[in-house]
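Here's the letter readout for the chains.
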Protein chains: 2
Amino acid sequence: MRIAIKQIEAFLAVAEHKSFSAAARHIGVAQPALSTTIRDLETELGVRLFDRTTRRVELTQAGEEFRASSSKVLEDLGHAVQNARDLAARRRGRIRIAAPPLLSSTIVPWAIAAFQREYPGITVELLDAPAQDIREEVLSSNADCGLGTFSAHEEGIERTVLMRDNLALFMPADHPLAAAPYVRWEDMATLPLIAMARSSGIRRLMELGAESAAQVLRPKFEASLVTTALAFVGAGLGVSVLPTYALSRADQLDLVARPLVDPTVSRDLCLIRASGKSLSPAVSSFITVLRNHVQGRIPS
Amino acid sequence: MRIAIKQIEAFLAVAEHKSFSAAARHIGVAQPALSTTIRDLETELGVRLFDRTTRRVELTQAGEEFRASSSKVLEDLGHAVQNARDLAARRRGRIRIAAPPLLSSTIVPWAIAAFQREYPGITVELLDAPAQDIREEVLSSNADCGLGTFSAHEEGIERTVLMRDNLALFMPADHPLAAAPYVRWEDMATLPLIAMARSSGIRRLMELGAESAAQVLRPKFEASLVTTALAFVGAGLGVSVLPTYALSRADQLDLVARPLVDPTVSRDLCLIRASGKSLSPAVSSFITVLRNHVQGRIPS
DNA sequence: GCGAGTTACGATAAACGTAAGGATG
DNA sequence: CATCCTTACGTTTATCGTAACTCGC
């Protein structure tokens, strides 16, 4: 294919204006340049596209046919290019975020809402998956990025810390410990504890904190989902150790959270994405929005 | 549209081979040239099309989309170009020939048959029109070319003489004058004459010949169509003056034609086409076939 | 350190514009 | 004779290939 788009554009311009001079002015080249461009195109196709006398320029039969097909081709190409540019301009696109249950029902929906306001053309899909599956979803490119808690140097992913959250003690608002701004691990040792399941990352962090404070925790109940644990606390069955941002799921339960200190157990909320893959423009913008959104909500 | 087809071809080659080096070998350029071509295309589109490490080259999301649309565009363009080249190669096309009734039923069908054998892909349409309409059909571009008898310098048409035919006397095979190889105008003066209508070109030529021979013809019958005149002769109602090639329409009638001499009245069979319009490849080939065909059939 | 993509730069080739030529109405 | 397309030619621009560099495995 030795044909250039420039040649086709020149051809269509001449066909439209029925004049080399007018077409040359229109596309901003000297008229002799147009002549040679058309001549080369005709040579390439092997057919004469225009019947031209000094007074009239008219399409030949072959020219008519080629005009119809090539103009459609150029139109399609224009659309293809526009689509690509729309992606770049975030006017269009599709992103897929993987997040664990708690984040999927707290921070992420609000971040997505903010993102949608700014980039209404982009489709956002949220893949709410168990925390241990997030990494795999990102690695397999099933999701463009993932949220959760991840260790620093995992294989094949790049990690960015979005915010640092601390473990807090969740209890009914009228609980005695709610009076103080902080709670020490020792303070909760004797309270009935609603813990997360042993496979949970939160559970492990809790045990880490308790161990540092030389406490042994004896959970009275175990829950797989944070919402379950919150409901137990709301029902007055005990207290729970959860990340502070879980508070946003406890609005109707009249709960409070007080940061656990000595030690403060922090938990990084991270964003991960497959290393080696470039961020699509939409994902890159989503990360910015997410980061801004999260920064405005850093708990205590 | 500052995008070149070359760029798209390069892009598709890289996408296919998932390698710059392999793609560069495939399209026959140095690999650094490919790099810059892709880079320019990406800049133009505003998106990164490939995620490339030194070990892997993979399409981005935007690249996948652009690959789908642009490959289709290139395919369509290929078809458009192929169509144009098919026209040039006479593999395809459509031509429309205008011819008067007698030619439409004698020479032309055989010429078209010969043409079709050589160029089976081309559609040939025959517009059989009254002789006086042929020129108009050609001028209005309703027909690509026309056949008939035309004077040398008519406005807007170019004329090519295909063959020179002579007027002859048509009579039953057993007619006394059929014994001689020629007939003189005086010989037929007293015979019952079936003449063409006064508007006919043949009629005018006949009167021209008679006048030169100082004869006054008194037609006994007049016919608008040559076939009618031939039928009258076949029925023994008289003789007629017609171009020799009309003999091919008189097979079953047992007629003979003897050239009229002193003077010999000649009639040029011409091909006309609109001046200023280029011949389409198919028409140009048809003219060649027609000329060859006619040359093999020049009557006495 | 080898293989693969990128950057730098000089050489080559294509495209363009100016000026002159030719044909048409 | 005025207009418009074509041809010719010198200049500019862009493209390409070689070589040196960089990165990842």
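Residues numbered from 1 in each chain as written. Chains lettered and ligands numbered in written order. Predicted model: local features only at pLDDT ≥ 70, side-chain atom pairs only at ≥ 80, totals over all residues. Heavy atoms only, no water.

### Things to note about the pairing of strand β12 (residues 266-274) of chain A
Residues and elements named next belong to chain A.
Logical step 1: The buried fraction of β12 is high, at eight of nine residues.
Logical step 2: Relative to β12, strand β5 (residues 145-148) is paired through three bridges, and the arrangement is antiparallel. From the neighbouring strand, L147 faces β12, where its bridge partner is L271.
Logical step 3: As paired elements, strand β6 (residues 157-172) and β12 share nine bridges and run antiparallel to each other. Within β12, the residue paired with N166 across the bridge is S266. (Buried < 20%, exposed > 50% of the residue type's maximum accessible area, 1.4 Å probe, protein only. Helix = DSSP H or I, 4+ residues; strand = E, 2+ residues; numbered from the N terminus. Pairing = 2+ DSSP bridges.)

### Focus on the packing of aromatic side chains
All names here are of chain A.
Logical step 1: Inspection of the entire model under this criterion finds twelve aromatic pairs over all chains.
Logical step 2: Consider the rings of F115 and Y119, whose centres lie 5.0 Å apart with planes at 45°: the pair is tilted.
Logical step 3: You can call F115 buried: its relative accessible area is 0%.
Logical step 4: According to the relative accessible area criterion, Y119 is buried, its value standing at 17%.
Logical step 5: Following the ring pairs from residue to residue traces out a cluster consisting of F11, F20, F50 and F66. (Phe/Tyr/Trp six-rings, centres within 6.5 Å; stacked < 30°, edge-to-face > 60°.)

### Observations regarding helix α2 (residues 20-27) of chain A
Residues and elements named next belong to chain A.
Logical step 1: Residues of α2 that are buried: F20, A22, A23 and A24.
Logical step 2: Buried residues belonging to α2 abut α1 (5-17), α3 (31-45), β1 (50-52) and β2 (57-59).
Logical step 3: A distance of 3.3 Å separates the backbone nitrogen of S21 from a side-chain oxygen at the start of α2, and that oxygen is part of S19.
Logical step 4: Of the residues flanking the end of α2, it is G28, one or two places downstream, whose phi is positive at about 75°. (Contact = heavy atoms within 4.5 Å. Polar contact = N/O pair within 3.5 Å; in protein donor to acceptor, adjacent residues only side chain to side chain.)

### Let's talk about the protein's contact with DNA strand C
Logical step 1: In the vicinity of DNA strand C lie 21 residues, with A:A30, A:T54, B:S21, B:Q31 and B:R52 positioned nearest.
Logical step 2: Considering the 4 Å shell around the protein, atoms of DNA strand C inside it are sugar or phosphate in 63% of instances.
Logical step 3: Contacts to DNA strand C include A:T54, whose side-chain N or O atom sits 2.6 Å from a sugar or linking oxygen.
Logical step 4: At 2.3 Å from a phosphate oxygen of DNA strand C is found a side-chain nitrogen or oxygen belonging to B:R52.
Logical step 5: Contributing elements (two or more residues each) for the surface near DNA strand C: α3 of chain A together with α2 (20-27) and α3 (31-45) of chain B. (Near = heavy atom within 4 Å.)

### Notes on the pairing of strand β8 (residues 193-196) of chain B
Residues and elements named next belong to chain B.
Logical step 1: Residues L193 and A195 of β8 are buried on one face, and the alternating residues I194 and M196, pointing to the opposite face, are buried as well.
Logical step 2: One ladder, built from four bridges, connects β8 with strand β9 (residues 219-223); its direction is parallel. Bridge pairing in β9 links L193 to P219.
Logical step 3: Assessed by its sense of winding, the connection that carries the chain from β8 through helix α8 (residues 201-212) to β9 is right-handed. (Right-handed = clockwise from strand over helix to strand, strands pointing away.)

### Regarding the interface of chain A and chain B
Bring the parts together and some accessible area is lost; that lost area is often taken as the interface size.
Logical step 1: Taken together, the 36 residues of chain A in the interface contact 36 residues of chain B.
Logical step 2: When the two sides are added together, the surface that chain A and chain B hide from each other amounts to roughly 3200 Å², 61% of it contributed by carbon and sulfur.
Logical step 3: Where chain A meets chain B, there are four salt bridges.
Logical step 4: Two residues, A:E44 and B:R85, come together in a salt bridge whose shortest N-O distance is 3.1 Å.
Logical step 5: If you look at where chain A meets chain B, you find eight residue pairs in polar contact (both at pLDDT 80 or more).
Logical step 6: Looking at which element gives the most residues to the side of chain A that touches chain B, the answer is helix α4 (residues 61-88) of chain A, with 16 residues.
Logical step 7: The residue makeup of the side of chain A that touches chain B, split by class, is 18 nonpolar, seven polar and eleven charged. (Buried area = accessible area lost by both parts, 1.4 Å probe. Salt bridge = Lys/Arg side-chain N within 4 Å of Asp/Glu carboxyl O. Nonpolar A, V, L, I, M, F, W, Y, C, P; charged D, E, K, R; others polar.)

### Digging into the domain arrangement of chain A
Logical step 1: In terms of domains, chain A is made up of domain 1 (5-88), domain 2 (93-162 + 268-297) and domain 3 (165-266).
Logical step 2: Between domain 1 of chain A and domain 3 of chain A, the C-alpha centre-to-centre distance is 73 Å. (Domains from an automatic or database assignment.)

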